[in-house]
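Structural overview for review
Below, each chain spelled out in residue letters.
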Amino acid sequence: MPGPKYNEEVSPCLSVVMPAFNEAASIVEVVRLVLAQRPVQEVIVVDDCSQDNTWVLLQEFAGEGRVKLLRHQSNQGKGAALRTGFGHATAPYVLVQDADLEYDPAEYHVLLAPILEGRADVVFGSRFVGAGAHRVLYFWHALGNRILTTLSNMATNINITDMETCYKVFRREVLERITIQEARFGFEPEITAKISKLKVRIYEVPVSYYGRTYAEGKKIGWRDGISAVRCIIKYNFFS
């Protein structure tokens, strides 16, 4: 039987896990935007040993009851920060949010709808379907994303369009069945492979994308693409 629609009275039910590394330019605005979303029960920010003022700026939220501030003493990577954050999540649903302004928290209702309606256990937010706003940036980066998604789909036998998307939402009990091993951006192909093996209900919804240039702070590079291929092979065929 379908659960409540998002536009009905929905109590806070979402843990937002936000890894952060050298995001002083955007961290305060992003946390404020996340806290402004109706379904957010808590925001778990994991500062991955930033070398700028990220951690100092986060102290603005130290007295906010819905914000948990965690910090790594050494830089470990996005996957490691998410692993830390997932371990502190207490809400029924868990969402991954980057600490930059590439993804819009105002679209949480789109991501949550299939879960709240009782149709999904995991939802991916795709930058490659739908009519949302998309900043025009790097051709080769977009092509690389599509190639990696295709390789992942061939290995998992699921037909998602954006494996590398930041926006992923999980029922917390799904995450509790998975141990994240990858410390860096290999998290994306790893979690996709492991979810596909659980035979849970996966949905995909369109999201907007306001990408950054490398000058503006984008961190993922070609080496991470090579690592993603390794992870697709490892977690689909040898794990």
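The notes below deal with the structure included here.

A count of helices and strands for the chain gives eight helices and seven strands. Here the chain, with 239 residues, has 51% of them falling under the buried criterion.

Both faces of the sheet carry side chains from a regular strand, because those side chains alternate between them. Of all seven residues that make up strand β1 (residues 14-20), seven are buried, and the element is covered over most of its length. Side chains of β1 alternate between two faces, with L14, V16, M18 and A20 and S15, V17 and P19 buried alike. Pairing of β1 with strand β2 (residues 40-47), which is carried by seven bridges, proceeds in the parallel orientation. Looking at the pairing, L14 lines up with V40 of β2. Note that β1 and strand β4 (residues 93-96) share four bridges and pair parallel. In the sheet register, V17 faces β4, and the bridge partner there is V96.

Judged by pairing direction, the sheet is mixed, and its seven strands sit side by side in the order β3-β2-β1-β4-β6-β5-β7 without closing on themselves. Strand pairing shows two members of the sheet lacking a second neighbour, β3 (67-71) and β7 (202-206), which therefore form its edges. If you compare each strand with its neighbour and ignore which way they point, the axes differ by 20 degrees on average. Together, β5 (122-126), β6 (168-171) and β7 form the strand contacts of helix α7 (residues 187-198), whose direction differs from that of β6 by roughly 40 degrees.

Residues other than glycine seldom take positive phi values, yet C49 does so here, at roughly 60 degrees. Among the structural elements, C49 can be located in the loop between β2 and α2 (54-58). One non-glycine residue, N157, lies in positive phi territory at about 65 degrees. Examined against the element boundaries, N157 turns out to sit in the loop between α5 (139-156) and β6.

Turning next to the environment of L111. With respect to the secondary-structure elements, L111 resides in helix α4 (residues 108-116). Linking L111 and K168, residues 57 residues apart in sequence, is a C-alpha distance of 8.0 Å. In this structure L111 touches L95, V123, F124, G125, Y167, V169, V205 and V207, once residues within four positions along its chain are discounted.

Let us now look at the packing of aromatic side chains. Overall, the coordinates contain five aromatic pairs when judged by the stated rule. Among the aromatic residues, those joined into a ring-pair cluster are Y103, Y108, Y167 and Y209.

Another point: the pairing of β4. Where burial is concerned, the two faces of β4 agree: the one with Y93 and L95 and the one with V94 and V96 are both buried. The pairing of β4 with β6 spans three bridges and is classified as antiparallel. Bridge assignment links L95 to a residue of β6, and that residue is V169.

The subject of this paragraph is helix α1 (residues 27-35). Taken together, the buried positions of α1 are I27, V28, V30, V31, V34 and L35. Viewed end-on, α1 has its buried residues packed into an arc of 165 degrees, placing them on one side of the element. Check the buried side of α1 and you find it contacts β1, β2, α2, β3 and α4.

Here the focus is the nonpolar core. Counting 62 residues, the largest nonpolar core has L14, M18, I27, Y108, L111 and V169 as the members making the most contacts within it. The element contributing the most residues to this core is α1, with six residues. What L14 contacts, discounting residues up to four positions off in sequence, is P39, V40, Q41, E42, A91, Y93, V94, L95, Y108, L112 and V169.

As a further point, take the environment of Y235. As for its position among the elements, Y235 is in helix α8 (residues 222-237). For Y235, a relative accessible area of 1% gives the class buried. Once the C-alpha coordinates of Y235 and A155 are considered, the two residues, 80 residues apart in sequence, prove to be 9.4 Å apart. Separated by 3.4 Å, the side chains of Y235 and K234 make a polar contact.

Here helix α3 (residues 78-86) lies mainly inside the structure; seven of its nine residues are buried. Taken together, the buried positions of α3 are K78, G79, A80, A81, L82, G85 and F86. In this structure, the buried side of α3 is in contact with β1, β2, β4, α6 (172-175) and α7.

The rules we used
- Residues numbered from 1 in each chain as written.
- Predicted model: local features only at pLDDT ≥ 70, side-chain atom pairs only at ≥ 80, totals over all residues.
- Heavy atoms only, no water.
- Helix = DSSP H or I, 4+ residues; strand = E, 2+ residues; numbered from the N terminus.
- Buried < 20%, exposed > 50% of the residue type's maximum accessible area, 1.4 Å probe, protein only.
- Pairing = 2+ DSSP bridges.
- Axes fitted to C-alpha atoms, helices over the stretch in contact; angles between N-to-C directions.
- Contact = heavy atoms within 4.5 Å.
- Phe/Tyr/Trp six-rings, centres within 6.5 Å; stacked < 30°, edge-to-face > 60°.
- Arc of directions from axis to C-beta.
- Core = buried A, V, L, I, M, F, W, Y, C linked by side-chain atoms within 4.5 Å.
- Polar contact = N/O pair within 3.5 Å; in protein donor to acceptor, adjacent residues only side chain to side chain.

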